[in-house]
Amino acid sequence: MTGAPAPPPVAEDTIVRFPRGIRLHHDRVRDQWVIQAPERAFIADPIAAEILQLVDGTRPLAAIIDLLAERFAAPRPVIARDVLDMVAGLAQRQVLAT
């Protein structure tokens, strides 16, 4: 089977970024966050938007998980699972790069 290589596995020490040409944008008219990519767009639900706003290309996922667990007073293992799953899915769609 041919195609793009699978993205590397996502772990807490992974640093993710938006690839060139992809960005997170707040649509003020619709009051929603949108991931804009060439020839496609994704609406980010409120949870995804909270996570993606912390993606800066320098911060490891562990730091993002810690910030979210503190901000929402939620159990860190639950936040970690949700963040890692979402990031892995977006990396597979080439919306985030590791």
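No experiment lies behind these values; they were computed from the predicted model shown.

### Comments concerning the pairing of strand 2 (residues 32-37)
Taken together, the five bridges between strand 1 (residues 23-27) and strand 2 define a ladder with antiparallel strand orientation. Bridging across to strand 2, His25 finds its partner in Val34. Between strand 1 and strand 2, which follow one another and run antiparallel, lie four residues, and Asp31 among them has a positive phi close to 50 degrees. Hairpin geometry of strand 2 and strand 3 (residues 40-44) is characterised by an intervening segment of two residues between the two adjacent antiparallel strands and by a positive phi of about 65 degrees at Glu39.

### Focus on unusual backbone geometry
Phi at Asp31 takes a positive value of approximately 50 degrees, unusual for a residue other than glycine. The residue Asp31 is located in the loop between strand 1 and strand 2 in this model. By relative accessible area, Asp31 is classed as exposed at 59%. Within the chain, Gln94 stands out as a residue other than glycine whose phi angle is a positive 65 degrees. With respect to the element layout, Gln94 can be found in the segment after helix 3 (76-92).

### Notes on the sheet that holds strand 1
Strands sit in the order 1-2-3 across an open sheet of three strands; the sheet is antiparallel. In this open sheet, the two edge strands, each paired with only one partner strand, are strand 1 and strand 3. Between one strand axis and the next, the sheet turns through 30 degrees on average, direction left out of account. Bridging between strand 2 and strand 3 involves five bridges; their strand directions are antiparallel. By the bridge assignment, Gln36 is partnered in strand 3 with Ala41.

### Digging into the packing of helix 2 (residues 61-72) against helix 3
Packing of helix 2 against helix 3 brings their axes to within 9 Å, and their N-to-C directions diverge by 130 degrees. It follows that helix 2 is oblique to helix 3 by the angle criterion. The interaxial crossing formed by helix 2 with helix 3 has right-handed handedness. Contacts between helix 2 and helix 3 involve Leu61, Ala62, Ile65, Asp66, Leu68 and Ala69 on the former and, on the latter, Arg76, Ile79, Ala80, Val83, Leu84 and Val87. Each residue belonging to the contact of helix 2 with helix 3 can be placed in one class, and the counts come to ten nonpolar, no polar and two charged.

### Considerations on helix 3
In this model, helix 3 (17 residues) spans 24 Å end to end at C-alpha, consistent with the 24 Å of a helix rising 1.5 Å per residue. The complete set of buried residues in helix 3 reads Ile79, Ala80, Val83, Met86, Val87, Gly89, Leu90 and Ala91. If you follow the buried residues of helix 3, they end up packed against helix 1 (46-52) and helix 2. Directly after helix 3, the chain includes Gln94, whose backbone phi takes a positive value near 65 degrees.

Rules used in this analysis
- Residues numbered from 1 in each chain as written.
- Predicted model: local features only at pLDDT ≥ 70, side-chain atom pairs only at ≥ 80, totals over all residues.
- Heavy atoms only, no water.
- Pairing = 2+ DSSP bridges.
- Helix = DSSP H or I, 4+ residues; strand = E, 2+ residues; numbered from the N terminus.
- Buried < 20%, exposed > 50% of the residue type's maximum accessible area, 1.4 Å probe, protein only.
- Axes fitted to C-alpha atoms, helices over the stretch in contact; angles between N-to-C directions.
- Parallel < 35°, antiparallel > 145°, perpendicular 65-115°, else oblique.
- Left-handed = near helix turned anticlockwise from the far one by under 90°.
- Contact = heavy atoms within 4.5 Å.
- Nonpolar A, V, L, I, M, F, W, Y, C, P; charged D, E, K, R; others polar.
- Expected span 1.5 Å × (residues − 1).

Distances and angles like these do not, on their own, reveal function.
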